[in-house]
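Notes for the structure review
Here is what each chain is made of, one letter per residue.
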Amino acid sequence: PIADRLYVLAALITFGIRDIVPWWLVGILVLRDLVLVLTLPTLKRLGYTGLPVHFLGKAATANLLAAFPWLLLGTGDSALAAWSHAFGWAFLIWGTGLYWWAALGYLWQVRSLAREAPTTHTSPVEGGAGA
């Protein structure tokens, strides 16, 4: 998963620099990973090193990885480039939507794990000194 994230990040930054995709879209996709990174301390506190990868997350990543070569082919002036551009954007839009949908699923899973975790708080002793 970390290799996929690094590949996606490198490709997005490169595409942003080359004006193949707008920076706001790069930001939306990077923000998703940052949001999920923020859940790691909670997962670690609960005794988890990460969450299992779900099919939806794999589908999202597959769409993004499929989008990148199509977007590169779409930078030319030929009829093939026009088709490639359309295919690339279709995969990119679907991938972005699925990427965030998967993130919501992961966030829900972290929430559920946190709610199910036993509490470590001790209840105050009734009637004791200082009560």
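Below, the structure is looked at part by part. Throughout this document, residue positions are counted from 1 along each chain, in the order its sequence is written. Thresholds applied to this predicted model are a pLDDT of at least 70 for local features of residues and 80 or more for the giving and counting of side-chain atom pairs; totals over whole chains, interfaces and linings are not thresholded and use all residues. Excluded from the side-chain calculation are hydrogens and water; included are all heavy atoms of the structure.

1. Section: the overall build of the protein
By definition, any uninterrupted DSSP run of H or I lasting at least four residues is a helix, any uninterrupted run of E lasting at least two residues is a strand, and each is numbered from the N terminus. The helix and strand inventory of the protein stands at 5 helices and 0 strands. Throughout, the radius of gyration refers to the C-alpha atoms, and the reference size of a globule is 2.2 Å times the residue count to the power 0.38. Whereas a compact globule of 131 residues would reach a radius of gyration of roughly 14 Å, the protein reaches 21 Å, over 25% beyond that. For the protein, the spread of C-alpha atoms along the principal axes amounts to about 85 × 25 × 20 Å. Note on exposure labels: buried denotes an accessible area under 20% of the residue type's maximum, exposed denotes more than 50%, and partly exposed covers the range between, all computed with a 1.4 Å probe on protein chains only. Buried positions account for 30% of the 131 residues belonging to the protein. Restricting to contacts in the protein with at least 6 residues of sequence separation, those with at least 24 account for 75%. Surface exposure here means Shrake-Rupley accessible area, sampled with a 1.4 Å probe, where a residue is shielded only by the protein chains that are shown. When the accessible surface of the protein is split by element, carbon and sulfur atoms take 70% of a total near 8800 Å². By definition, residues are in contact when any of their heavy atoms lie within 4.5 Å.

2. Description of helix H2 (residues 23-37)
With 15 residues, H2 should reach 21 Å at 1.5 Å per residue; the first-to-last C-alpha distance of 21 Å fits that figure. Buried within H2 are the following residues: Leu25, Val26, Leu29, Arg32, Asp33 and Leu36. Across the axial projection of H2, the buried residues extend over an arc of 125°, all falling on one side. Buried residues in H2 make contact with helix H1 (2-17), helix H3 (40-45), helix H4 (55-73) and helix H5 (79-116). Take the residue count of a helix, subtract one, and multiply by 1.5 Å to get its expected span. Our arc is simply the arc of the directions from the helix axis toward the C-beta atoms.

3. Focus on the packing of H1 against H2
Axis definition: a line fitted to C-alpha atoms, over the contacting stretch in the case of helices. Angles run 0 to 180 degrees between N-to-C directions. At their nearest, the axes of H1 and H2 sit 9 Å apart, and the two run at 160° to each other. As judged from the angle between their axes, H1 and H2 are roughly antiparallel. Every pair of crossing elements has a handedness; the one defined by H1 and H2 is left-handed. Contacts between H1 and H2 pair Arg5, Leu9, Leu12, Ile13, Gly16 and Ile17 from the former with Trp23, Val26, Leu29, Val30, Arg32 and Asp33 from the latter. Each residue belonging to the contact of H1 with H2 can be placed in one class, and the counts come to 8 nonpolar, 1 polar and 3 charged. Oblique is the label for any angle not under 35 degrees, not over 145, and not in the 65 to 115 range, which are roughly parallel, roughly antiparallel and roughly perpendicular in turn. Two helices that cross are described as forming a left-handed crossing if the nearer one is turned anticlockwise from the farther one by less than a right angle, and a right-handed crossing if clockwise. The residue classification treats Ala, Val, Leu, Ile, Met, Phe, Trp, Tyr, Cys and Pro as nonpolar and Asp, Glu, Lys and Arg as charged. All others, Gly included, are polar.

4. Overview of the packing of aromatic side chains
Each Phe, Tyr or Trp ring, with Trp reduced to its six-membered ring, pairs with another whose centre is within 6.5 Å; inter-plane angles below 30 degrees give stacked pairs, above 60 give edge-to-face pairs, and intermediate values give tilted ones. Scanning the model with the defined rule gives 4 aromatic pairs in all. Ring plane angle 65° and centroid distance 5.8 Å describe the contact between Tyr7 and Phe68, whose orientation is recorded as edge-to-face. Residue Tyr7 is located in helix H1, and its partner Phe68 is located in helix H4; the two are separated by 61 residues in the primary sequence. Take Tyr7: its relative accessible area is 41%, and that puts it in the partly exposed class. Taking the centre distance of 5.4 Å and the plane angle of 80° together, the rings of Phe15 and Phe68 count as edge-to-face. With Phe15 in helix H1 and Phe68 in helix H4, this residue pair connects regions lying 53 residues apart in the sequence. A network of ring pairs unites the aromatic residues Tyr7, Phe15 and Phe68 as a single cluster.

5. Some details on unusual backbone geometry
Even without a glycine there, the phi angle at Asp19 is positive, about 60°. Relative to the assigned elements, Asp19 resides in the loop between H1 and H2. Residue classification places Asp19 among the exposed residues on the basis of a relative accessible area of 64%.

6. Some thoughts on the side chain of Arg32
Structurally, the position occupied by Arg32 is in helix H2. Sequence-distant contacts of Arg32, defined by excluding residues within four places in its chain, comprise Arg5, Tyr99, Trp100, Ala102, Ala103 and Tyr106.

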